[in-house]
Amino acid sequence: MTHSISPLRWLAMLTILVLTASTLATAQQQPEVKIDIRLGQFDVLYLADFIDVTTGALSSNIPNASIQLETVPQQAMDMYLVVTVFIKLRGDQNFTQFVKSTTHNFLMPGRMTVTSRDLARTGGGNIRVKSTDVNSAMQRRLEDHVRTLPTAPVGTYAIEVEAYTPENVRLARQRSDVDVSSATPEDVSVTYVEPQDGAVLPTLFPTFSWTTQRPQARISIYERLPFHRSPEDVVTGVPHLQMEVRGTSFTYPPDAARRLEPGKTYVWLLEVTVGTNRGAQIKRGPVFAFRTQALAGEWAFLERFLTGLGGEAAGTFATLQGIGWRPTGEIVVDGRTATLQQLQVVLNQLAQRQQAGIAAGTGSTVKITVQ
């Protein structure tokens, strides 16, 4: 028995197939949604610039903070956002949800920037906040803190952004953390390890060391002159040496343009940069003084000669001074015992040859041993 299908039925079946194929194609072509949270990293955070702790409302003008939304491939689509702020204060074991805001549906044109104005209760653009939930316990903790300090308590602050379709299907999620390490710029510690204030150093190439939470610092060394009344007066002048350093130690370079001189007094100062959401602030450590120890008067020429050579000679001499070496008076020049005056004559001759640019030829090398 044969069955025939009416043209009308064929048309209905064809319509169903086309609609099904269209639905599958649409599902397969749903673009990828990317979220990029752009926040600065700060050591100190002024809380009022970000959120009103009494209401949980975000500030409508948070500088240098935004959320970038993009579809790949770019195309317009309807969505809504859920923005959640988590906080883990120092001493807490886990993060606590502080504020959770949900927006109304909006048309994302394929690429757009969402600012704090869009997420504030006043709203902005085509994004409107639908609801905001605030954790009252965390709110009270922050309120207690801001009564004494305008900055955020030490801890980690996280913002999480989720994008959903109007049908509540999550499209993307992204999170960014900000570690607040200090309650105020003054809380950033700078502690000197060596040389300590008043130290007498046996080297012209001392090593300076310190402890601080900041990985980058600026060290400045000044010479104390007779008219300076205090170490603080010294640092108002021109630095003998100033350098940007990373880490927690620095050795005075033998090839520095200005070298330390024996028997003189210097001061050193360390400055670190503290990042805040209101710009960088400089935290300055104390001003410590130290003096370089000169060799005995009759040996001063040897110190001047070796440090004047620079390079390996100066570095070797700095190492010897660093371990406390002092000449005993036993001098050997080319295998023969010599007096201090004879050594001085030989070194003066070598210095004159060096200044004249005369290179020593074969057989003219002088071997000098000083015990």
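Below you will find a few notes about this structure.

Thresholds applied
- Residues numbered from 1 in each chain as written.
- Predicted model: local features only at pLDDT ≥ 70, side-chain atom pairs only at ≥ 80, totals over all residues.
- Heavy atoms only, no water.
- Helix = DSSP H or I, 4+ residues; strand = E, 2+ residues; numbered from the N terminus.
- Buried < 20%, exposed > 50% of the residue type's maximum accessible area, 1.4 Å probe, protein only.
- Areas by Shrake-Rupley, 256 points an atom, 1.4 Å probe, with all protein chains shown as cover.
- Phe/Tyr/Trp six-rings, centres within 6.5 Å; stacked < 30°, edge-to-face > 60°.
- Pairing = 2+ DSSP bridges.
- Axes fitted to C-alpha atoms, helices over the stretch in contact; angles between N-to-C directions.
- Salt bridge = Lys/Arg side-chain N within 4 Å of Asp/Glu carboxyl O.
- Core = buried A, V, L, I, M, F, W, Y, C linked by side-chain atoms within 4.5 Å.
- Contact = heavy atoms within 4.5 Å.
- Polar contact = N/O pair within 3.5 Å; in protein donor to acceptor, adjacent residues only side chain to side chain.
- Lys, Arg positive; Asp, Glu negative; His and termini not counted.
- Arc of directions from axis to C-beta.

Observations concerning the overall build of the protein chain
Here comes step 1: Tallying secondary structure elements over the protein chain gives seven helices and 23 strands in all.
Here comes step 2: Across the 371 residues in the protein chain, those meeting the buried criterion constitute 41%.
Here comes step 3: Of the roughly 21,000 Å² of accessible surface on the protein chain, 51% is carried by carbon and sulfur atoms.

Observations concerning the packing of aromatic side chains
Here comes step 1: Applying the stated rule across the entire model yields eight aromatic pairs.
Here comes step 2: Taking 5.0 Å as the distance between ring centres and 90 degrees as the angle between the ring planes, the aromatic pair formed by Y192 and F288 counts as edge-to-face. Taken together, the positions of Y192 in strand β12 (residues 190-194) and F288 in strand β20 (residues 288-292) put the pair 96 residues apart, joining distant regions of the chain. The two residues Y192 and F288 agree in class, both being buried.
Here comes step 3: Every member of this aromatic cluster is reached through a ring pair, and the members are Y192, F208, W210, F250, Y266, W268, F288 and F290.

A word on the sheet that holds strand β4 (residues 66-72)
Here comes step 1: The sheet built from three strands is open, its strands ordered β1-β4-β8 with antiparallel pairing. Pairing within the sheet leaves two strands with one partner each, and these edge strands are β1 (32-38) and β8 (111-114). Within the sheet, the average angular offset between the axes of one strand and its neighbour, ignoring direction, is 15 degrees.

Details of the sheet that holds β12
Here comes step 1: As summarised here, the arrangement of the three strands in space is β12-β14-β17, forming an open sheet in which the pairing is antiparallel. Single-partner strands in this sheet number two, and they are β12 and β17 (249-251). Taking each pair of neighbouring strands and ignoring which way they run, the sheet shows an average axis angle of 20 degrees.
Here comes step 2: Of the strand pairs in this sheet, strand β14 (residues 207-212) and β17 are connected by three bridges, and their pairing is antiparallel. If you follow T207 over to β17, its bridge partner there is T251.

Focus: the pairing of strand β6 (residues 96-103)
Here comes step 1: Summarising the sheet, strand β5 (residues 77-89) and β6 pair through six bridges and their orientation is antiparallel. Along β6, the bridge assignment pairs I87 with T96.
Here comes step 2: Linkage of β5 to β6, two consecutive antiparallel strands, is achieved through a turn of six residues, within which G91 is found at a positive phi near 100 degrees.
Here comes step 3: Examined bridge by bridge, β6 and strand β9 (residues 129-134) share five bridges and lie antiparallel to one another. Bridging across to β9, T102 finds its partner in S131.

Here we look at the pattern of salt bridges
Here comes step 1: With the rule as written, the count across this model stands at eight salt bridges.
Here comes step 2: Residue D144 is joined to R147 by a salt bridge in which the shortest nitrogen-to-oxygen separation is 2.5 Å.
Here comes step 3: Its salt-bridge partner being E261, residue K264 comes within 3.3 Å of it at the nearest N-O pair.
Here comes step 4: Judged by its relative accessible area of 37%, E261 falls in the partly exposed class.
Here comes step 5: Three or more residues joined by partner-sharing salt bridges are found here, namely E223, E261 and K264.

Considerations on the nonpolar core
Here comes step 1: In terms of nonpolar packing, the biggest core is built from 34 residues, with F208, W210, I221 and W268 touching the most fellow members.
Here comes step 2: Listing elements by their share of this core, those giving two or more residues are β12, β14, β15 (216-223), β16 (241-246), β18 (265-276) and β20.
Here comes step 3: Among the elements that take part in this core, β18 stands out by supplying seven residues, more than any other.
Here comes step 4: Excluding residues that lie within four positions of it along the chain, I221 makes contacts with F208, P239, H240, L241, Y252, L260, Y266, V267, W268 and F290.
Here comes step 5: Counting residues in hydrophobic clusters, the runner-up holds 20 residues, among them I37, I67, V83 and L119.

As for the environment of R170
Here comes step 1: By the secondary structure assignment, R170 is in strand β11 (residues 170-180).
Here comes step 2: A polar contact is formed between the side chain of R170 and the side chain of E162, at a distance of 3.1 Å.

Considerations on the environment of V188
Here comes step 1: Mapping V188 onto the fold places it in the loop between β11 and β12.
Here comes step 2: The buried category is assigned to V188, whose relative accessible area is 0%.
Here comes step 3: With 97 residues separating them along the chain, V188 and G285 place their C-alpha atoms 9.8 Å apart.

What about the pairing of β14?
Here comes step 1: As judged from the four bridges shared by β12 and β14, these two strands associate in the antiparallel manner. If you follow V190 over to β14, its bridge partner there is T212.

Concerning the side chain of D118
Here comes step 1: Tracing the backbone through its elements, the reader meets D118 in helix α2 (residues 116-119).
Here comes step 2: Despite its burial, D118 remains without a salt bridge, the nearest opposite charge being carried by R117 at 6.3 Å.
Here comes step 3: A distance of 2.9 Å separates a polar atom in the side chain of D118 from the backbone nitrogen of T115.

As for helix α3 (residues 136-146)
Here comes step 1: Taken as a whole, α3 has its buried residues at M138, Q139, L142, E143 and H145. Buried residues of α3, viewed axially, fall in a sector of 160 degrees; they line one side.
Here comes step 2: In this fold, the buried residues of α3 make contact with β5, β6 and β9.
Here comes step 3: Where α3 begins, the capping side chain belongs to N135, and its oxygen is found 3.0 Å from the backbone nitrogen of A137.

So far we have only geometry, and geometry alone does not tell us how the molecule works.
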